[in-house]
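# Summary of structural features
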Amino acid sequence: MSEAGEHSTTPVTLVDPIDISTLDPHFRNEIRSMPNGDDLYACFACTTCTAACPIACQWTYKPHQLIRMILLGMRNEVLSSKEIWECLTCFQCQERCPQGVRVTDIIFDCKNLAAEEGLVPENILGLGRQLLESGQLYQVTADWEREDLGLEPEVPGLDPEPMKAILHGTRTGRLVGGGD
Amino acid sequence: MVGPVLIVGAGVAGMTAAVELADAGVHTVLVERLSTVGGNALRLYKAFPTDDCFFCFEGNRWRPGIRKCFYRSALTDQPNIDLRVNTTVVDISGTPGSFTVRLRTEPTYVDPKKCILCGLCTTRSEAFKLSSPQCQPQTVSVDPTLLDDEARRVASECPTHAIDLDATPSEDTLVVSDIVIATGYHEFKPQGVQEYGYGEHPNIITQLELAEMLDPTGPSGGVLLRPSDGAPVERVMMVQCVGSRSVDHFPFCSKICCVFALKHANIIAQEHNGIRVDVVYMDIRTYDRHERYYRMARRAGVGFIRGRVSRVVPRDDGRLDVVIYDSLLDQYLQYEVDLFVLSSALEPSEGTAALISQLGLQDRSGFVAPVEDGSVDGVMAGDHVFVCGTALGPAEVPESVTQARAVVSRILQGGV
Ligand SMILES: Cc1cc2nc3c(=O)[nH]c(=O)nc-3n(C[C@H](O)[C@H](O)[C@H](O)COP(=O)(O)OP(=O)(O)OC[C@H]3O[C@@H](n4cnc5c(N)ncnc54)[C@H](O)[C@@H]3O)c2cc1C
Ligand code: SF4
Ligand code: SF4
Ligand code: SF4
Ligand code: SF4
């Protein structure tokens, strides 16, 4: 038995492996039980999704790596990653995946889980707050923009109040802290 | 005149060739080095691509001529087949179409025609055993190194006087028209591939050894237990391409090891509740229709790690710590495993090299090479010399059988 240790000549101290027993083996089942998550198992790491993605070049974790991390059980790393929030939801990855893995939907599932655990990044929360406070994300910022186009200053019939009221009672309201 | 035909090796390929030639009226001499026919397929439990059990013989013993065992019973019943077990080819001379072959037969000590498998000898002495429930001829085999006084007493008590411990080796010389090489393969024992520690720890095994552990008629009744201490196995890790695709060992892809590894992974995931299986690979090569084994394995929750093993370190509790470089994540991962299974290369059987040189054939990475005559079947190795099955290189059973039939067709057309 001792000999088996002898050929472990790799400089042990330099390699700091991820101990698989510290990961969450149920994470994959958690995702598989969420909407459109079931085909997660089928991923064979071909990287088609990453090749298709218009933004992954800027990411530390590429789409195929996120899927791999889910399968491995790297729950914390995935749910606290910036990548899931930067996804453009363009569905390119999902359209092209040769195994029918619903990558974009799975990223949505991750965002939903992350949100429940209070892991929404500040800039996203800011957007939520704006929605809650103004009832809309895009506001007319200067009168002259409409004037130049020969339009009246106010958008006719636009009333964000009901939207604000509704949002207060939704999960968005709860998550950004302004809701009931 | 065709025949007699010498077939060397009674695995799936040799058996198929023998039975089909014999059925076509050609006298065949089927030579097998071991005491039973069947070759490597004897110990494989379930077989891809049908997932039938290789052990059908046990459950269907009462029934002659069922699909796979048909060949095996025909081997002893077909009058055109002269089956010689415990036999090897000593020397070949003569000319194509009329080879002179010298055979040497080691004694079997038990006459299969007399043995009724009463079990008397096998229960009383280690020297006698049934090598496999589906061995053919259906009789006990004798390990001459274990023959002691008790074995001799048992021999004299055999109810049918089937045992003759004074039997001696014999030699025979034959003239044959054609020679078929069906000597098959041997699973490489990867002692030489340092990083995996094979031979240094009992829980580091090969796929063929795992097949035996999974076999319900095997020593553990199909239950997975750690060889080191008999504790139940909870985590299995497999490593692909051990010895294969390496200029230091075997430069070729052994072709079927991905499929049989996944076959085993699926059997464990489906029949052995709660055992975790992970497969470390560089490519998964489940060629043509076998891709479904790969998808099935992923669905069953088998883990796949693309990368290579950094180190294997035994722990005091009988487990092994395995560190792997995961090339998809660019991370090192550490697993605790009970059983570390190496998908080892398939190499030519011992003795194939001698046949190649005796007959002046070409070799291809040690296997018999077909002649380059442009024919599509690729089973001619020389003038009146044919090759089929894994003697040509790694292959599955259906492919070996198809090649054997191509050989039969060629011989029936006059050996060209
Ligand atoms: C772990 C594992 C699992 C597998 N699972 C499957 C599966 O599920 N499905 C499938 O289709 N295939 C499977 N295979 C492949 C299968 O084993 C082979 O395709 C098949 O057994 C090849 O048969 P063969 O007759 O060519 O060779 P072998 O089975 O090797 O037979 C050769 C015979 O020749 C004898 N011999 C060798 N040299 C001499 C000599 N010089 N003189 C006399 N006799 C000699 C040997 O003793 C042996 O009996 C598996 C292989 C492995 C390693
Ligand atoms: S494209 Fe599909 S199968 Fe390929 S890596 Fe991405 S998710 Fe996996
Ligand atoms: S949906 Fe998201 S992950 Fe998929 S390709 Fe578009 S940006 Fe990339
Ligand atoms: S005692 Fe004789 S008949 Fe019984 S199994 Fe042994 S050899 Fe066969
Ligand atoms: S079949 Fe798979 S395990 Fe075997 S050598 Fe080829 S790639 Fe490697």
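Along each chain, the written sequence defines residue order, and numbers are assigned to residues from 1. Starting at A for chains and at 1 for ligands, labels are handed out in the order in which the entities are written. It should be noted that, the model being predicted, local features are given only for residues of pLDDT at least 70 and side-chain atom pairs only at 80 or more, the latter also being counted only at that level, while totals for whole chains, interfaces and linings use all residues. No hydrogens and no water enter the side-chain calculation; it runs on all heavy atoms of the structure.

Another point: the site of ligand 5. Residue and element names in this part refer to chain B. Inspection of the region around ligand 5 gives Q240, C241, S244, R245, C253, S254, K255, I256, C257, C258, D283 and R285 as its neighbouring residues. Elements supplying a minimum of two residues to the shell around ligand 5: strand 14 (235-242) and helix 7 (257-271). Residues are sorted three ways: Asp, Glu, Lys and Arg are charged, Ala, Val, Leu, Ile, Met, Phe, Trp, Tyr, Cys and Pro are nonpolar, and all the rest, Gly among them, are polar. Its residues assigned to classes, the shell around ligand 5 shows five nonpolar, three polar and four charged. Nearness is judged by heavy atoms alone; a residue qualifies as near a molecule or strand once a single heavy atom is within 4 Å of it. Note on conventions: DSSP H or I runs of at least 4 residues are helices, E runs of at least 2 residues are strands, and numbering of each starts at the N terminus.

Residue and element names in this part refer to chain B. Domain start and stop positions are those given by an automatic or database domain assignment. Partitioning chain B into domains gives domain 1 (5-106 + 169-184 + 349-412) and domain 2 (189-345). Taking the mean C-alpha position of each, domain 1 and domain 2 sit 31 Å from one another. With 18 residues of domain 1 at the interface, the matching set in domain 2 holds 22 residues. The buried area of a pairing is the accessible area, by a 1.4 Å probe, that goes missing from both parts when the two are put together, added over both. Summing both sides of the interface, domain 1 and domain 2 together bury roughly 1800 Å²; the carbon and sulfur share of this comes to 58%. Three residues stand out in domain 1 for area buried against domain 2, namely R43, Y45 and F48, and they jointly supply 36% of the buried area on that side. Throughout this description, the term salt bridge denotes a Lys or Arg side-chain nitrogen within 4 Å of a carboxyl oxygen of Asp or Glu. At the boundary of domain 1 and domain 2, one finds five salt bridges. In what follows, residue pairs with any heavy atoms lying within 4.5 Å of each other are defined as contacts.

Bringing the site of ligand 2 into the picture now. Neighbouring ligand 2 are the residues A:C43, A:F44, A:A45, A:C46, A:T47, A:T48, A:C49, A:H64, A:C97, A:P98, A:V101 and A:V103. Of the residues contributing to the shell around ligand 2, the split by class is nine nonpolar, three polar and no charged.

With that settled, consider the interface of chain B and chain A. Contacts between the two partners involve 30 residues from chain B, matched on the other side by 27 residues from chain A. Across the chain B to chain A interface the summed buried area is about 2700 Å²; carbon plus sulfur atoms make up 55%. Put simply, chain B and chain A have one salt bridge between them. A salt bridge links B:D326 to A:R68; the shortest N-O distance between them is 2.7 Å. Polar contacts, as used here, are pairs of N or O atoms within 3.5 Å; protein pairs need one atom able to donate a hydrogen and one able to accept it. Residues neighboring in sequence count only if both atoms are side-chain atoms. The tally of links between chain B and chain A comes to 13 residue pairs in polar contact (both at pLDDT 80 or more).

This next bit is on the confidence of the model for chain A. In this model, chain A carries an average pLDDT of 89, and 91% of its residues clear a pLDDT of 70 or more. A score between 0 and 100, pLDDT records how confident the predictor is in each residue. A low-confidence stretch, residues 1-8 of chain A stays under pLDDT 50, and its non-local contacts, those more than four residues away or across chains, total 15 contacts.

This part covers the sheet that holds strand 23 (residues 380-382) of chain B. Residue and element names in this part refer to chain B. For two strands to count as paired, DSSP must find a minimum of two bridges between them. Pairing in this open sheet of six strands is mixed, and the strands run 5-2-1-11-24-23 from one edge to the other. Either end of the sheet is taken by a strand with one partner, and the two such strands are strand 5 (81-84) and strand 23. Direction aside, neighbouring strands of the sheet carry axes that sit 20° apart on average. Sheet topology note: the strand 23/strand 24 (residues 385-387) ladder contains two bridges and is antiparallel. Residue pairing for strand 24: M380 is matched across the bridge by F386. Between N-to-C directions, angles cover 0 to 180 degrees, with each direction set by a line fitted to C-alpha atoms, over the stretch in contact for helices. Strands in contact with helix 10 (residues 397-412) are strand 1 (5-8), strand 11 (178-181), strand 23 and strand 24; relative to strand 24, the strand with the most contacts, it is inclined by about 160°.

Residues and elements named next belong to chain A. Helix span is expected to be 1.5 Å times the residue number reduced by one. With 14 residues, helix 8 (residues 103-116) should reach 20 Å at 1.5 Å per residue; the first-to-last C-alpha distance of 20 Å fits that figure. Exposure categories follow from relative accessible area, calculated using a 1.4 Å probe and restricted to protein chains: below 20% of the type maximum is buried, above 50% is exposed, and the middle band is partly exposed. Of all the 14 residues making up helix 8, eleven are buried; the element is thus mostly covered by neighbouring parts of the structure. Taken as a whole, helix 8 has its buried residues at V103, T104, D105, I106, I107, D109, C110, K111, L113, A114 and A115. Positive phi shows up at G118, right after helix 8, with a value of about 70°.

Turning to the domain arrangement of chain A, a few remarks are in order. Residues and elements named next belong to chain A. Taken domain by domain, chain A comprises domain 1 (21-116) and domain 2 (122-175). Here domain 1 and domain 2 have C-alpha centroids that lie 31 Å from each other. If you look at the interface, domain 1 gives four residues, while domain 2 gives four residues. Of all residues in domain 1, W85, A115 and E116 give up the largest surface area on contact with domain 2, accounting jointly for 84% of the area buried on that side. In this assembly, domain 1 and domain 2 are joined by two salt bridges. For the salt bridge of E116 with R171, the shortest nitrogen-to-oxygen distance reads 2.4 Å. Linking domain 1 with domain 2 are two residue pairs in polar contact (both at pLDDT 80 or more). Of all the elements, helix 8 adds the most residues to the side of domain 1 that touches domain 2, at three residues. Here the side of domain 1 that touches domain 2 is built from residues that sort into two nonpolar, one polar and one charged.

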